[in-house]
Amino acid sequence: QVQVAESGGRLVQAGDSLRLSCAASGRTFTIYNVGWFRHAPGKEREFVATITWGSGRTDYADSVKGRVTIFRDNAKNTVYLQMNNLKPEDTAVYYCAVGLFVVGDGRFASQYNYWGQGTQVTVSS
């Protein structure tokens, strides 16, 4: 099993930057990829970004491309989501997910095996 814990969410103003962390523990040597998703009230859960644990390959949703960077620190078993120029529409609960297998492109929640509890990001205008 792999345990996942997000942190870093808080209230910020539009235009601010924020870095979220996703710490993995347990059988981390089995991790294939890590993804970030977000869920805003009244909306469906949305893919944000993903990174392949070994190669570092990344992919982003069009809605955040250019403002968001996903990167990892393998020594700390931690993946980060750096978000810049935040907008009110970025307000959501952000979830980190861990995938153990090579399944698709990492853009879909069904491709992940373990999830964190989420961290709230609120962007005020």
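What counts, and where the lines are drawn
- Going along each chain's sequence as written, the residues are numbered from 1 onward.
- With the structure being a predicted model, the display of local features is reserved for residues of pLDDT at least 70 and the display and counting of side-chain atom pairs for 80 or more, all residues being used for whole-chain, interface and lining totals.
- Computation of side-chain values covers all heavy atoms of the structure but excludes hydrogens and water.
- What counts as a helix is a DSSP run of H or I of at least four residues, what counts as a strand is a run of E of at least two, and both are numbered from the N terminus.
- Any N or O atom pair separated by 3.5 Å or less is treated as a polar contact, with the protein-specific requirement of one donor-capable and one acceptor-capable atom, and with residues adjacent in sequence counted only for side-chain atom pairs.
- In what follows, a contact means two residues having at least one pair of non-hydrogen atoms within 4.5 Å.
- Only protein chains enter the accessibility calculation, which uses a 1.4 Å probe; a residue whose area is less than 20% of its type maximum is buried, one above 50% is exposed, and one in between is partly exposed.
- What we call a nonpolar core is a set of buried Ala, Val, Leu, Ile, Met, Phe, Trp, Tyr and Cys residues that are connected through their side-chain atoms within 4.5 Å.
- Should DSSP find at least two bridges between two strands, the strands are regarded as paired.
- Each axis is a line fitted through C-alpha atoms, taken for helices only over the stretch in contact, and angles between the N-to-C directions span 0 to 180 degrees.
- Aromatic pairing here means that ring centres of Phe, Tyr or Trp (its six-membered ring) are within 6.5 Å. Orientation follows from the plane angle: under 30 degrees is stacked, over 60 is edge-to-face, and everything else is tilted.
- To sit over a ring, a charge needs its Lys NZ or Arg CZ within 6 Å of the ring centre and within 35 degrees of the ring normal.
- Our working definition of a disulfide is a cysteine sulfur pair at a distance within 2.5 Å.

Residue position: Thr119 is located in strand β11 (residues 119-124). Engagement of the side chain of Thr119 in a polar contact is seen with the backbone nitrogen of Gly9, the distance being 3.0 Å. Setting aside residues up to four positions removed in sequence, Thr119 forms contacts with Glu6, Ser7, Gly8, Gly9, Leu20, Ala92, Val93 and Tyr94.

Let us look at the environment of Gly35. Assignment of secondary structure puts Gly35 in strand β4 (residues 33-39). You can call Gly35 buried: its relative accessible area is 0%. The spacing of Gly35 and Val12 is 23 residues in sequence and 23 Å in space, taken between C-alpha atoms.

Val34, Trp36, Leu81, Met83 and Tyr94 are the most contacted members of the largest nonpolar core, which has 35 residues in total. Of all the elements in the fold, those that place two or more residues in this core are β1 (2-7), β3 (18-26), β4, β5 (46-52), β7 (68-73), β8 (78-83), β9 (92-99) and β11. Counting residues per element, this core draws most heavily on β9, which supplies 5 residues. Among all residues touching Val34, those that are not within four sequence positions of it are Cys22, Ala49, Thr50, Ile51, Trp53, Ile70, Val79, Cys96, Ala97, Val98 and Tyr112.

Right, let's get into the sheet that holds β1. The strand order across the open sheet built from 4 strands is β1-β3-β8-β7, with neighbouring strands paired in antiparallel fashion. At either margin of the open sheet sits one strand with a lone partner, and together these are β1 and β7. The mean inter-strand angle of the sheet, taken between neighbouring strand axes irrespective of direction, is 15°.

In the structure shown here, the tally under the stated rule is 5 aromatic pairs. Between Phe37 and Tyr112 the ring centres are 5.5 Å apart and the planes differ by 80°, which places this aromatic pair in the edge-to-face class. Taken as a pair, Phe37 in strand β4 and Tyr112 in the loop between β9 and β10 (114-115) lie far apart in primary sequence, 75 residues in all. Here the aromatic residues Phe37, Phe47, Tyr112 and Trp115 are joined through ring pairs into a cluster of three or more. Directly above the aromatic system of Tyr80 lies the positively charged group of Arg19, at a separation of 5.9 Å from the ring centroid. Lying over the aromatic face of Trp115, Arg45 brings its terminal NZ or CZ to 4.7 Å of the ring centre.

Formally, a disulfide is one covalent bond, and it connects the sulfur atom of one cysteine to the sulfur atom of another. Scanning the model with the defined rule gives 1 disulfide in all. At a sulfur-sulfur separation of 1.9 Å, the disulfide partner of Cys22 is Cys96. Residues Cys22 and Cys96 are joined by a disulfide whose S-S torsion is about -70°; by sign, that bridge is left-handed. Taken together, the residues span a long stretch of sequence, with Cys22 in strand β3 and Cys96 in strand β9 at a distance of 74 residues.

Keep in mind that these numbers describe shape and distance, not what the molecule does.
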